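Letter by letter, the chains look like this.
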Amino acid sequence: MSELPGIVITGASGRMGQMLIKTVLASDKCKLVGAVERAGSDWVGRDVGEAMGGTAIGVTVTDDALEAFAKAQAVIDFTAPAATVAFAGLAAQARCVHVIGTTGMCPEELKKIEAASRHATIIRAGNMSLGVNLLTKLTKMVAAALDSDYDIEIIEAHHNRKVDAPSGTALMLGEAAAEGRGVKLDDVRDSGRDGITGARKKGDIGFSSIRGGDIVGEHDVMFAGEGERIILRHVASDRSLFAKGALKAALWGQGQKPGEYDMLDVLGL
Ligand SMILES: NC(=O)C1=CN([C@@H]2O[C@H](COP(=O)(O)OP(=O)(O)OC[C@H]3O[C@@H](n4cnc5c(N)ncnc54)[C@H](O)[C@@H]3O)[C@@H](O)[C@H]2O)C=CC1
Ligand SMILES: O=C(O)C1=N[C@H](C(=O)O)C[C@H](O)C1
């Protein structure tokens, strides 16, 4: 029997990091071979099972990402933009599939990820759930069917610890809507209205962000016309959804040619 693929989780102590570790440990299709945290974290040097409040599992949290990646076939990375850019270079060096869930990357950071994908298999998505990826298809379809008499507004809600806005998912949905309309999102994006904004510009795609409590992630795509509104909605109530999608991506990526892929590729949508 061949060896199961080894997975490293970065950002091990984070909300998604801990969920990913539990998901990998529960799977019979892969094994956990590493857990990475930032230098200075009090998790570094501890057994990750114990750090999570359980029993030891024989994997020590490290801040030496390259050393951890060298033992793995895939890295699942839900951390922060600067860390993810650095990990992309290291994953390419270690010949690991790099699954990126991190959101909030600026255009320059995205270019660096694209450059790393010339030498490595990268799967990146602002949302790893089946439901949201299906919603992008529906959004594109509805946007293509309706003209600009229907105003498109994307409303997202997340917990009070989220640091980026609009969410990665909202931007994915915005891209899908723009694609359906045959325009570039950058040309029609309207985020963060405040003060005397003037009337809404026809054809714009608006974004609004709510932050509060423990909301896992909720997204509405509203098509507001005269006398009617169509609203497409996704509600995530459990982070395991994202972790399961990310693990599916890590396994799908084994043996794929270098390049940047997304969850539509993984899910065959
Ligand atoms: N694509 C998707 O399906 C989803 C994406 N996300 C995204 O994942 C990211 C993380 O989200 P959360 O887990 O909620 O955040 P979090 O703040 O709970 O966790 C981030 C972790 O990354 C660690 N980290 C930061 N820099 C690091 C470095 N240089 N080396 C190693 N570890 C480092 C932090 O110490 C922290 O433990 C965010 O960008 C979020 O938007 C979250 C959920 C789903
Ligand atoms: O930070 C989060 O929590 C989430 N981030 C992703 C995003 O930015 O869309 C995905 C999910 O909504 C949860």
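The name given to the protein in an unreviewed UniProt entry is 4-hydroxy-tetrahydrodipicolinate reductase, with the source organism recorded as Celeribacter ethanolicus. Database annotation for the protein, UniProt heading Pathway (unreviewed entry): "Amino-acid biosynthesis; L-lysine biosynthesis via DAP pathway; (S)-tetrahydrodipicolinate from L-aspartate: step 4/4." UniProt, in its Subunit (unreviewed entry) section for the protein, records the words "Homotetramer."

With that out of the way, let us pick up the UniProt feature "active site" (unreviewed entry) in the protein. What UniProt calls "active site" (unreviewed entry) maps, in this numbering, to His158 and Lys162. Narrowing the list just given to those that line the second largest pocket leaves His158 and Lys162. For His158, the position within the fold is in strand 7 (residues 151–158). Those residues in contact with His158 that sit more than four places away from it in its chain are Ser167, Ile210, Arg211, Gly212, Ile215, Val216, Gly217 and His219. Considering the arrangement of structural elements, one finds Lys162 in the loop between strand 7 and helix 7 (168–181). Dropping the residues within four chain positions of it, Lys162 is found in contact with Thr103, Ser167 and Arg211.

Take the pattern of salt bridges next. The tally for this structure, following the rule as stated, stands at eleven salt bridges. For Arg193, the salt bridge is made with Asp190, and the minimal N-O distance between the two is 3.1 Å. The exposure class of Arg193 is partly exposed, given its relative accessible area of 37%. A salt bridge links Asp220 to Arg233; its shortest N-O distance comes to 2.7 Å. One end of the pair, Asp220, is in strand 10 (residues 217–224); the other, Arg233, is in strand 11 (residues 229–236), and 13 residues separate them in sequence. Asp220 sits in the buried class, given a relative accessible area of 13%. Here Arg233 falls in the exposed class, since its relative accessible area comes to 57%.

What the domain assignment lists for the protein is domain 1 (6–128 + 239–267) and domain 2 (130–236). On a C-alpha basis, the centres of domain 1 and domain 2 stand 28 Å from each other. At the junction of the two partners, domain 1 supplies 13 residues and domain 2 supplies 15 residues. Taken together, both faces of the contact between domain 1 and domain 2 bury some 1100 Å²; the carbon and sulfur share is 58%.

Bringing the site of ligand 1 into the picture now. Contacts to ligand 1 come from 21 residues, most closely from Arg15, Met16, Glu37, Thr103 and Lys162. Between ligand 1 and the protein, one listed contact pairs an oxygen atom with a backbone N or O atom of Met16 at 2.8 Å. At 3.1 Å, a backbone N or O of Gly101 approaches a nitrogen atom of ligand 1. In isolation ligand 1 exposes 860 Å². Once the protein is present, 80% of that is buried. Applying the majority rule of atoms within 2 Å of the grid points places ligand 1 in the second largest pocket. At the level of secondary structure, the elements contributing two or more residues to the shell around ligand 1 comprise helix 1 (15–26) and helix 4 (81–93). The residue inventory of the shell around ligand 1, partitioned by class, reads seven nonpolar, nine polar and five charged.

About the thresholds
- Residues numbered from 1 in each chain as written.
- Chains lettered and ligands numbered in written order.
- Predicted model: local features only at pLDDT ≥ 70, side-chain atom pairs only at ≥ 80, totals over all residues.
- Heavy atoms only, no water.
- UniProt positions renumbered as here; feature names shortened; annotations may be inferred.
- 1 Å grid on protein atoms, 1.4 Å probe; cavity = no way out; pocket = protein on both sides within 12 Å on 5 of 7 lines; lining within 4 Å.
- Helix = DSSP H or I, 4+ residues; strand = E, 2+ residues; numbered from the N terminus.
- Contact = heavy atoms within 4.5 Å.
- Salt bridge = Lys/Arg side-chain N within 4 Å of Asp/Glu carboxyl O.
- Buried < 20%, exposed > 50% of the residue type's maximum accessible area, 1.4 Å probe, protein only.
- Domains from an automatic or database assignment.
- Buried area = accessible area lost by both parts, 1.4 Å probe.
- Near = heavy atom within 4 Å.
- Polar contact = N/O pair within 3.5 Å; in protein donor to acceptor, adjacent residues only side chain to side chain.
- Areas by Shrake-Rupley, 256 points an atom, 1.4 Å probe, with all protein chains shown as cover.
- Sits in = over half its atoms within 2 Å of the grid points.
- Nonpolar A, V, L, I, M, F, W, Y, C, P; charged D, E, K, R; others polar.

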